[in-house]
Amino acid sequence: MKIDSIKNFLDEIEKKDAELIKHYERVAMLNLAFGRELSLKPSEQERLYFVGLFHEIGKFENSKYENIYPVFSAAILRTHKEFSKISNIVEQCEENIDGSGYPNKLSGDSIHLFATLTHLCDKYDHLVMKGLNRDEAVLEIRKLNDIICPKKLITVFVKMLFSNKELINIYKGDLDD
C-alpha cells in the first residue's frame, strides 16, 4: 500500500479526532502482534495491520449508524485503490462467530480470519480504554469464548498479551495521562 495515501488518509481523520486515531493505531499494533504470534506471512501481517488501522473509519464518518458503520467503512476503503483489497474484511469486523454480530449476521467460517482477529483486538482495546487493567480486560475477553471468536484464538491472544513486552508500551502514554 502506498505510504503517502495512508498518511494523508490518517492525517485527515486525526485532525478531526486525535483519540480515535490512537485507538486505530493500537488496534493495528495488536493485530500486527497477533499476526506474528500466529506466524502469518509478512504480507498477511501487513494486511492485518491495515485492517486494524481502518476497522472503524465508517464510524468516524457516520457515528449515528452504529450497526451499519462497517458498511460505510468498506465503502470508504473501496474509494481508495490501495485499500480496496481489505474492504470486505473491514466490513466483517463486527461480526461474531455465533452469528450475533453486525451488519450481516455472518457466522463461523463465513467471517474472514482477519476480521475475527481485529474484532478481538478492538474489543480488548475498548475495555482497556474504559479503565480496565489488562487482567480485568482478559477476564471480560474470556467471557466471549465462541461468541466473537473461537476459544483457541482467545487463548493465543491472552498468551500474547502476557508475553509480548511491546504491547505493554502501546498503552503507557494513553493510560498515564
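Everything discussed here concerns the structure shown above.
Presented here is an overview of the structure given in this document.

Calculation criteria
Residues numbered from 1 in each chain as written. Predicted model: local features only at pLDDT ≥ 70, side-chain atom pairs only at ≥ 80, totals over all residues. Heavy atoms only, no water. Helix = DSSP H or I, 4+ residues; strand = E, 2+ residues; numbered from the N terminus. Rg over C-alpha atoms; globule rule 2.2 N^0.38 Å. Buried < 20%, exposed > 50% of the residue type's maximum accessible area, 1.4 Å probe, protein only. Contact = heavy atoms within 4.5 Å. Areas by Shrake-Rupley, 256 points an atom, 1.4 Å probe, with all protein chains shown as cover. Lys, Arg positive; Asp, Glu negative; His and termini not counted. Charge placed at Lys NZ, Arg CZ, Asp CG, Glu CD. Salt bridge = Lys/Arg side-chain N within 4 Å of Asp/Glu carboxyl O.

1. A short note on the overall build of the protein
(1) Moving on: Across its full length, the protein holds ten helices and zero strands.
(2) Moving on: When its helices and strands are written in sequence order, the protein yields α-α-α-α-α-α-α-α-α-α.
(3) Moving on: Here the protein has a C-alpha radius of gyration of 15 Å; the compact-globule value for 177 residues is 16 Å, and the two agree.
(4) Moving on: Reported as C-alpha extents along the three principal axes, the dimensions of the protein are approximately 40 × 40 × 35 Å.
(5) Moving on: Within the protein, the proportion of its 177 residues that are buried is 47%.
(6) Moving on: Across the protein, every contact between residues at least 6 apart in sequence was considered, and the portion connecting residues at least 24 apart equals 62%.
(7) Moving on: A total accessible area of about 9,200 Å² is found for the protein, and carbon and sulfur atoms account for 51% of it.
(8) Moving on: Here the protein contributes 25 positive and 29 negative side-chain charges, whose respective centroids are spaced 3 Å apart.

2. Focus: the environment of lysine 123
(1) Moving on: Positionally, lysine 123 belongs in helix H7 (residues 113-129).
(2) Moving on: Once the C-alpha coordinates of lysine 123 and isoleucine 148 are considered, the two residues, 25 residues apart in sequence, prove to be 9.4 Å apart.
(3) Moving on: Look past the residues within four positions of lysine 123 in its chain and what remains in contact with it is Ile141, Leu144 and Ile148.

3. What about the pattern of salt bridges?
(1) Moving on: Considering all chains together, one arrives at six salt bridges under this definition.
(2) Moving on: Between glutamate 91 and arginine 78 there is a salt bridge, with the nearest N and O atoms lying 3.3 Å from each other. With glutamate 91 in helix H6 (residues 87-91) and arginine 78 in helix H5 (residues 69-78), this residue pair connects regions lying 13 residues apart in the sequence.
(3) Moving on: Judged by relative accessible area, which is 41%, arginine 78 ranks as partly exposed.
(4) Moving on: A salt bridge links glutamate 140 to lysine 143, with the shortest nitrogen-to-oxygen separation between them at 3.0 Å.
(5) Moving on: The partly exposed category is assigned to glutamate 140, whose relative accessible area is 31%.
(6) Moving on: Residue classification places lysine 143 among the exposed positions, given a relative accessible area of 55%.

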